[in-house]
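# Topology and contacts: notes
Residue strings, one per chain:
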Amino acid sequence: MDCWKGAIHYSWIYPTLIICANGFFSTMRPSESFLTPYLTGPDKNLTIEEVTNQIYPVWTYSYLALLFPVFLITDYVRYKPILLLQGISFIITWLLLLFAQGVLAMQMVEFFYGMATATEVAYYAYIYSVVSTDHYQRVTSYCRSITLVAATVAAVLGQLLVSLADVSYFHLNAISLASVSLAFLCSFFLPMPQKSMFFHRKDVSPPAPGPDKSVASVGSDGPSSCQEDKGSVSADRGPPPEAEAGNTRPHTNVLRVLVQLGKDLRDCYSSRKLLYWSLWWALATAGFNQVLNYVQVLWDFRAPSHSSAVYNGAVEAIATFLGSGTSMAVGYVKVNWDLSGELALGIFSAMDAGSLFLMYFIDNIWACYAGYLAFKACYMLLITIATFQIAVSLSMERYALMFGFNNFIALAIQTILTVVVVDSKGLGLDISTQFLIYGSYFTVIAGIFLIRSIYIITSTKCRNTSVVGESTDQ
């Protein structure tokens with residue numbers, strides 16, 4: 001028995017299987033594509049204005065309030081408790097969806113869904129704490145692929161059940177409740193990690209240099225300095241005396257980690273390349289999440305669900321497939337992203353803006369569907385490039401930190417959009433006008449990076465011309 005427990009503890013296969021099962025069941029929610037028709041239908045009998053201006057904004061606010069503390073707590077308690085919390089949050093969400101009534105109850109649904117969303121960081125970070133670095137690439141592909149598969153299966157299943165079997169939205173939500181409950185059960189079988197990225201490191205970098213060498217380990221030139229961390233972070237050394245002392249004083253340990261995280265952020269954002277890729281990440285992700293949060297409302301506005309056939313699940317399945325296809329295509333495209341990356345950001349952000357304007361100016365529901373497919377495919381292409389460009393320059397710890405901070409900034413921008421544009425206490429615009437605003441928002445993003453790319457290309461040509469001129473003179 002002891003040998004069996006030891007094999008489970010040290011094998012990368014067992015935790016990978018369990019975390020993938022957790023990811024599949026927590027993502028396999030066939031009712032999610034039909035949330036707006038469910039809330040505005042006879043089950044909940046809410047108005048489209050209540051759903052848009054009073055209920056959906058709560059998700060953004062709760063997500064923003066919980067993201068940063070959950071990010072720190074996740075690392076401190078070593079992931080598994082947060083995965084259990086995610087399961088509980090999902091179960092409460094769907095119990096309320098099934099059996100509660102009224103605007104306040106649905107606002108509580110959005111609050112707990114925001115908590116579940118904030119805890120997703122534990123899913124992607126857990127596996128790195130229980131497997132060796134040799135298996136990082138493989139387990140990452142498994143964990144990410146299984147969620148794409150689950151999202152596609154959920155969307156297709158939901159559409160088939162609604163269109164062919166005439167299953168009610170209530171029973172779709174019951175299936176989602178069963179699925180997230182299975183995910184919660186899977187979490188119990190996960191091995192408890194013995195280390196984490198920041199608070200419980202097994203591999204700790206050497207003691208900090210003296211005052212005269214404080215900048216030597218991490219320079220201000222950006223990617224090269226961040227890359228140097230890979231060797232120091234993974235160095236096989238024991239913790240220095242001050243780290244041991246920190247372990248005995250939790251408050252001191254937390255303060256030390258926060259100070260180090262602040263220094264890491266400063267050093268990595270001092271790279272102009274990482275700064276611009278992160279800027280696009282934050283701006284575009286804010287707009288993308290806002291569109292995803294309210295696109296069902298626009299569809300219901302263009303083709304009311306009580307009098308029209310609903311194809312939300314089919315559209316989400318195709319969008320997920322196109323998104324995964326464009327993401328995969330990035331790996332086979334040979335481009336100098338240092339030179340052409342910001343041009344690509346500008347061009348595809350302009351295509352995103354065009355897709356959103358299409359959804360605003362044309363009333364036809366099929367045009368809305370087509371615009372959404374193009375919008376999601378372009379975003380998934382660019383976010384894959386941005387993720388690679390940032391990750392290739394950083395250690396695992398710093399990548400996780402920048403990933404979390406970029407998403408936090410994106411969520412802060414999204415909250416501003418929600419307060420000003422959507423919330424009934426702000427402008428409370430109708431759903432059609434909202435998409436005009438979102439199209440204009442992506443137009444601004446496209447303009448920033450097109451102007452920036454023109455500047456880069458012009459500067460490069462001028463430098464090349466001056467170099468050729470100097471060589472000719474010589």
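Up top is the structure these notes are about.
We now turn to the structure provided with this report. In every chain, residue numbers begin from 1 and rise along the written sequence. Local features in a predicted model are, by the rule used here, given only for residues with pLDDT of at least 70; side-chain atom pairs are given and counted only at 80 or more, and totals for whole chains, interfaces and linings are based on all residues. Calculation of side-chain values draws on the structure's entire complement of heavy atoms; hydrogens and water are dropped beforehand.

## Looking at the overall build of the protein
Put simply, DSSP H or I for four residues or longer makes a helix, DSSP E for two residues or longer makes a strand, and each gets a number counted from the N terminus. Helix and strand counts for the protein stand at 19 helices and zero strands. In this analysis, two residues are considered to be in contact whenever any of their non-hydrogen atoms come within 4.5 Å of each other. Long-range contacts, defined as pairs at least 24 residues apart, comprise 84% of the intrachain contacts of the protein with a sequence gap of at least 6. When the accessible surface of the protein is split by element, carbon and sulfur atoms take 67% of a total near 22,100 Å². The Shrake-Rupley method, run with a 1.4 Å probe, gives the accessible areas here. Residue values count only the displayed protein chains as cover.

## Section: helix 14 (residues 272–302)
How far a helix is expected to stretch is found by multiplying one less than its residue total by 1.5 Å. A rise of 1.5 Å per residue sets the reference length of helix 14, with its 31 residues, at 45 Å; its end C-alpha atoms lie 43 Å apart and thus fit the reference within 8%. Burial analysis of helix 14 places 23 of its 31 residues in the buried class, which makes it a mostly covered element. Accessible area is worked out with a 1.4 Å probe on protein chains only. A residue is then buried under 20% of its type maximum, exposed over 50%, and partly exposed in between.

## What about the pattern of salt bridges?
Salt bridges are counted wherever a side-chain nitrogen of Lys or Arg sits within 4 Å of a carboxyl oxygen of Asp or Glu. This model, assessed by the stated rule, comprises four salt bridges. The salt bridge partner of glutamate 316 is lysine 376, with a shortest N-O separation of 3.6 Å. Of the two residues, glutamate 316 sits in helix 15 (residues 312–330) while lysine 376 sits in helix 17 (residues 365–391), which places them 60 residues apart along the sequence. Residue lysine 376 is classed as buried on the basis of its relative accessible area, which comes to 12%. The salt bridge involving glutamate 342 is made with arginine 452; its shortest N-O contact spans 3.0 Å.

## Here we look at the packing of aromatic side chains
Classification of ring pairs rests on two measures: the distance between centres of Phe, Tyr or Trp rings, Trp counted by its six-membered ring, which must be within 6.5 Å, and the angle between planes, read as stacked under 30 degrees, edge-to-face over 60 and tilted in between. One pass over the full model with this rule turns up 23 aromatic pairs. Centre to centre, the rings of tryptophan 299 and tyrosine 369 are 5.2 Å apart; their planes meet at 80 degrees, and the pair counts as edge-to-face. Taken together, the positions of tryptophan 299 in helix 14 and tyrosine 369 in helix 17 put the pair 70 residues apart, joining distant regions of the chain. Residue tryptophan 299 is classed as buried on the basis of its relative accessible area, which comes to 2%. What makes tyrosine 369 buried here is its relative accessible area of 5%. Ring pairing ties together the aromatic residues Trp280, Phe288, Phe375, Tyr379, Tyr441 and Phe442, which thus form one cluster. Working rule: Lys NZ or Arg CZ, within 6 Å of ring centre, within 35 degrees of ring normal, means a charge sits over the ring. One Lys or Arg, arginine 452, reaches over the ring of tyrosine 276 and ends 4.1 Å from the middle of that ring.

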